[in-house]
Amino acid sequence: MKEFKFTIDGKQYNAAVNELEDNFAEVTINGKTYKVELEKEEAPAAAAVRRPAAAAAPAAAAPAGLQTVKSPLPGSIVKVLVKAGQAVKKGDVLLTMESMKMENNVCAEADGTVKNIFVEPGKNVMQDDKLLEIETAAVAAAPAAAPAPKPEAPKAAPAPKAEAPKAADVPAGGYKVTSPLPGSVIKVLVQEGQDVKKGDTLLTLESMKMENAIMADRDGKVTKIAVTAGQNVMQEDLLLVLG
């Protein structure tokens, strides 16, 4: 039995705890006994143990596969530049096809070996028709991801490229050669003052992952060149003027 003495507002109290079982006890205060229920103390929650993060496993090597090269547009095969069993590199021209009065280069999108060829010169194809199959080599496993680098300060936005003038900006009397598709000018193959024949390639244009040869529709002289290499153009933007 435990006894306590305490004073509240100047009045003295004698208290004794007679019995304690589980969370009940008999408490005698100034000769009067009370049965009281004590609040149980909850055990503190166990601190969470933080385990170190497991190191990221390196990515598995990608197996070799068969890549199907499909026609991006309806057109006609002009020339097949590869043969079955030939090794090719990403970016190599596989064949040329004519579509919308343009010669388009269809290029390899990965290194590999030509497995099958489904077309030949003169054959007409529709969009998404199979052209070739390329057996690609296995890709080496990527190393484990490195810690994320600290964010860099934002870079200044590049200056906008000059837009090609519209066909309406041409003096009267000239024959306007306009872009048949939106894309980017790769190379201008003529210069102002140069005589050209019908069928001559004037410039090459990249559009929808294809190189497109823009050809002259008639004989004439280049009187104006409205674009430069690297310039983006929209459909019907002016490219050149033939006199």
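This text gives an overview of the structure that appears in the document. Since this is a predicted model, take the numbers as computed values, not measurements.

Conventions used here
Residues numbered from 1 in each chain as written. Predicted model: local features only at pLDDT ≥ 70, side-chain atom pairs only at ≥ 80, totals over all residues. Heavy atoms only, no water. Helix = DSSP H or I, 4+ residues; strand = E, 2+ residues; numbered from the N terminus. Buried < 20%, exposed > 50% of the residue type's maximum accessible area, 1.4 Å probe, protein only. Contact = heavy atoms within 4.5 Å. Areas by Shrake-Rupley, 256 points an atom, 1.4 Å probe, with all protein chains shown as cover. Salt bridge = Lys/Arg side-chain N within 4 Å of Asp/Glu carboxyl O. Phe/Tyr/Trp six-rings, centres within 6.5 Å; stacked < 30°, edge-to-face > 60°. Lys NZ or Arg CZ within 6 Å of the ring centre and 35° of its normal. Pairing = 2+ DSSP bridges. Polar contact = N/O pair within 3.5 Å; in protein donor to acceptor, adjacent residues only side chain to side chain.

### Focus on the overall build of the protein chain
A count of helical and extended segments in the protein chain gives zero helices and 20 strands. By the burial criterion, 27% of the 243 residues in the protein chain qualify as buried. Of the contacts made within the protein chain by residues no fewer than 6 positions apart, 54% connect residues no fewer than 24 positions apart. Here the protein chain has roughly 16800 Å² of accessible surface; of this, 53% comes from carbon and sulfur atoms.

### What to know about the pattern of salt bridges
Tallied over the full model, the rule gives one salt bridge. For Glu133, the salt bridge identified is with Lys130, shortest N-O distance 3.7 Å.

### Here we look at the side chain of Asn104
Within the secondary structure, Asn104 is located in strand β9 (residues 102–107). Judged by relative accessible area, which is 0%, Asn104 ranks as buried. If we skip the residues at most four places from it in the chain, Asn104 touches Leu95, Thr96, Met97, Glu98, Ser99, Met210, Glu211 and Asn212.

### A look at the packing of aromatic side chains
Applying the stated rule across the entire model yields zero aromatic pairs. Stacked on the ring of Tyr175, the Lys or Arg Arg218 has its end atom at 3.8 Å from the ring centre.

### So, the sheet that holds strand β13 (residues 175–178)
The strands that make up a sheet pair up through hydrogen bonds in the backbone, lying either parallel or antiparallel. Taking strand neighbours across the sheet as the criterion, the four strands line up as β13-β20-β18-β15 in an open arrangement whose pairing is antiparallel. Of all strands in the sheet, those bounded by a partner on one side alone are β13 and β15 (195–196). Two strands pair when backbone bridges link them, and β13 and strand β20 (residues 238–242) are joined in this way by four bridges, in the antiparallel orientation. Each residue of the ladder has a partner; that of Val177, found in β20, is Leu240.

### Some details on the sheet that holds strand β7 (residues 87–88)
Strand order in the open sheet formed by four strands is β5-β12-β10-β7, and the pairing between neighbours is antiparallel. Every other strand in the sheet has two partners, leaving β5 (65–70) and β7 as the edge strands with one partner each. Two elements, strand β10 (residues 112–117) and strand β12 (residues 130–136), share five bridges in a ladder whose sense is antiparallel. Opposite Thr113, over in β12, you have Glu135 as the bridge partner.

### Structural notes on the environment of Ser179
Turning to its location among the elements, Ser179 is positioned in the loop between β13 and β14 (183–188). A sequence separation of 57 residues divides Ser179 from Glu236, and the C-alpha atoms of the two residues are 4.8 Å apart. When sequence neighbours within four positions are dropped, the list of residues in contact with Ser179 reads Leu205, Val233, Met234, Gln235, Glu236, Asp237 and Leu239. A polar contact of 2.4 Å, which involves the side chain of Ser179, links it to the backbone oxygen of Leu181.

### Some thoughts on unusual backbone geometry
Within the chain, Asp128 stands out as a residue other than glycine whose phi angle is a positive 75°. Along the chain, Asp128 falls in the loop between β11 (124–125) and β12. The backbone of Glu236 shows a phi angle near 75°, a positive value even though the residue is not glycine. Note on placement: Glu236 falls in the loop between β19 (232–233) and β20.

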